[in-house]
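Residues per chain, in single letters:
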Amino acid sequence: MSHRLVVAAVTITATAELVTAAAAAATAVPAFNVITLEHIEGIAAGVEQACAAAILQISENTVAFHGGRVAPLLAACAQIAAQSSAPLAIHLDHLQDMALVREVITTGVALGASSLMIDAAHLPYADNVHRTRAVAGDAHAAGLWVEAELGEIGGKGGAHASGARTDPDEAAAFVAATGVDALAVAVGSTHAMTTRAAQLDHDLIGRLAGSVSVPLVLHGSSGVSDEQLRRAAQRGVRKINIGTALNVAFTAGVREALGDNADPRPYLAAGRDAITATVAQLCRAVGAAAVGEVGAR
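No experiment lies behind these values; they were computed from the predicted model shown. (Residues numbered from 1 in each chain as written. Predicted model: local features only at pLDDT ≥ 70, side-chain atom pairs only at ≥ 80, totals over all residues. Heavy atoms only, no water.)

Draft legend 1. Quick peek at the overall build of the protein chain. Within the protein chain, the secondary structure is distributed over 12 helices and 10 strands. Buried positions account for 54% of the 297 residues belonging to the protein chain. If you take every contact in the protein chain between residues at least 6 apart in sequence, the share linking residues at least 24 apart comes to 73%. If you sum the accessible surface of the protein chain, you get close to 11,500 Å²; carbon and sulfur atoms cover 54% of it. (Helix = DSSP H or I, 4+ residues; strand = E, 2+ residues; numbered from the N terminus. Buried < 20%, exposed > 50% of the residue type's maximum accessible area, 1.4 Å probe, protein only. Contact = heavy atoms within 4.5 Å. Areas by Shrake-Rupley, 256 points an atom, 1.4 Å probe, with all protein chains shown as cover.)

Here it is as structure tokens:
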């Protein structure tokens, strides 16, 4: 089965291909959150510098920031991914709004997306299973790879309680019941951390990897050190989500260059360059699959 997407006569790598390549290399593919065009450009440049592969992620929160419109940012990701020398896939992350889920399933592939995450972890377990299974069935029919979450990764308030852990037996049952392609698990990371002090439960990662038949995903990875990220990949994490670290870098770059500038281009360029440097460093730290391991562009 081919994992390449042809969108408006251009070829874009699919998430499934990158995760499969990472699993074959016993490493992880980094997935970087996109907010602005500068994020997309900076991420692409950083991945290219590292001679790596990565995933461009658009979250539901980012769609809301852009007035609820997903198509423009998806189109920008697709164009930059298609023109990049690095393999870049496009993923929709942390989708809870079912209207947005339906829109992504209906139009996402045509716009360049190859995967989505249905986030029903805030629901009781049975409801999480029911909603995830339904979305996975519809998304698979549309050609989308599906990630889900079990364990309520911390840092978002409400149901995302800090200190939650995913139970391996429950994870195995969840994957079997829903038919998802990847599982985001709670193993000690927390969303929105601005320091890298999180301590992962590497023994739990190993037990989870041994209990489920699909790749594991680590969310909240901005708060995890390089060494811990490498160990997580060694124990079985195959997709590593990173967002806050890029925003910290971008904001610092803008702040330093802002001055009395009335022209936004110099300080936006500084923010973009800071993202590029951060992405390149993180790709190298994770040991992301090299371009040649994914396939020639």
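Draft legend 2. Summary view of the nonpolar core. Grouped together as the largest cluster of nonpolar side chains are 73 residues, with contacts concentrated most on Phe32, Ile43, Val47, Leu92 and Leu116. In terms of residues, this core owes the most to one element, helix α4 (residues 71-83), which gives seven residues. What Leu116 contacts, discounting residues up to four positions off in sequence, is His91, Leu92, Leu95, Val104, Ile105, Val135, Ala139, Leu144, Trp145, Val146 and Glu147. Core analysis: the next-biggest nonpolar cluster, separate from the first, contains 14 residues, Leu18, Ala53, Met117 and Ala182 among them. (Core = buried A, V, L, I, M, F, W, Y, C linked by side-chain atoms within 4.5 Å.)

Draft legend 3. Spatial organisation of the packing of helix α9 (residues 226-235) against helix α11 (residues 264-286). Relative to each other, α9 and α11 sit at 45°, their axes nearing to 8 Å. Here α9 lies oblique to α11, going by the angle between them. Seen from α9, the contacting residues are Asp226, Leu229 and Arg230; seen from α11, they are Gln281, Leu282, Ala285 and Val286. Considered class by class, the residues forming the contact of α9 with α11 number four nonpolar, one polar and two charged. (Axes fitted to C-alpha atoms, helices over the stretch in contact; angles between N-to-C directions. Parallel < 35°, antiparallel > 145°, perpendicular 65-115°, else oblique. Nonpolar A, V, L, I, M, F, W, Y, C, P; charged D, E, K, R; others polar.)

Draft legend 4. Quick peek at the sheet that holds strand β4 (residues 54-59). As summarised here, the arrangement of the eight strands in space is β3-β4-β5-β6-β7-β8-β9-β10, forming a closed barrel in which the pairing is parallel. Geometrically, the sheet is characterised by an average inter-axis angle of 30° between neighbouring strands, direction not taken into account. The sheet contact formed by strand β5 (residues 88-95) and strand β6 (residues 115-118) spans three bridges and is parallel. The partner of His91 across the bridge, within β6, is Ser115. (Pairing = 2+ DSSP bridges.)

Draft legend 5. Highlighting the pairing of strand β3 (residues 29-33). Most of β3 sits out of view: four of its five residues are buried. Relative to strand β10 (residues 237-242), β3 is paired through four bridges, and the arrangement is parallel. Following the sheet pairing, Ala31 is matched in β10 by Asn241.

Draft legend 6. Just helix α1 (residues 15-24), in detail. Where burial is concerned, most of α1 is hidden: seven out of the 10 residues are buried. Within α1, burial applies to Thr15, Ala16, Glu17, Leu18, Val19, Ala21 and Ala22. Once α1 ends, the next one or two residues include Ala26, with phi positive near 55°.

Draft legend 7. Main features of helix α2 (residues 37-49). Here α2 is 13 residues long and its end C-alpha atoms lie 18 Å apart, about the 18 Å a rise of 1.5 Å per residue gives. Regarding α2, the residues found buried are Glu38, His39, Ile40, Gly42, Ile43, Ala44, Gly46 and Val47. Lining the buried residues of α2 we find β3, β4, α4, β5, α10 (244-258) and α11. (Expected span 1.5 Å × (residues − 1).)

Draft legend 8. Main features of the side chain of His39. Tracing the backbone through its elements, the reader meets His39 in helix α2. Residue His39 is classed as buried on the basis of its relative accessible area of 2%. Setting aside residues no more than four positions away along its own chain, His39 makes contact with Asn33, Val34, Asn247, Phe250 and Ile275.

Draft legend 9. Summary view of the confidence of the model for the protein chain. The predicted model of the protein chain has a mean per-residue pLDDT of 87, with 84% of residues at 70 or higher. Mean pLDDT per element in the protein chain: helix α12 (residues 291-294) is the minimum at 54, and β6 is the maximum at 98. Contacts of residues 153-161 to residues separated by more than four positions or lying in other chains number 27 contacts, the stretch itself having pLDDT below 50. (pLDDT = per-residue confidence, 0-100.)

Draft legend 10. Geometry of the pattern of salt bridges. For the coordinates displayed, the defined rule picks out four salt bridges. Across the salt bridge formed by Arg272 and Glu41, the nearest N and O atoms sit 2.9 Å from each other. Placement of the pair is Arg272 in helix α11 and Glu41 in helix α2, with a sequence separation of 231 residues. Residue Arg272 is classed as partly exposed on the basis of its relative accessible area of 29%. Look at Glu41 and you get partly exposed, because its relative accessible area is 28%. Arg207 is paired through a salt bridge with Asp203; the nearest N and O atoms lie 3.1 Å apart. Taken as a pair, Arg207 and Asp203 lie in helix α8 (residues 202-211) at a separation of four residues, close to a single helical turn. The exposure class assigned to Arg207 is partly exposed, which follows from its relative accessible area of 43%. In this structure Asp203 comes out as partly exposed when scored by relative accessible area, which is 44%. (Salt bridge = Lys/Arg side-chain N within 4 Å of Asp/Glu carboxyl O.)

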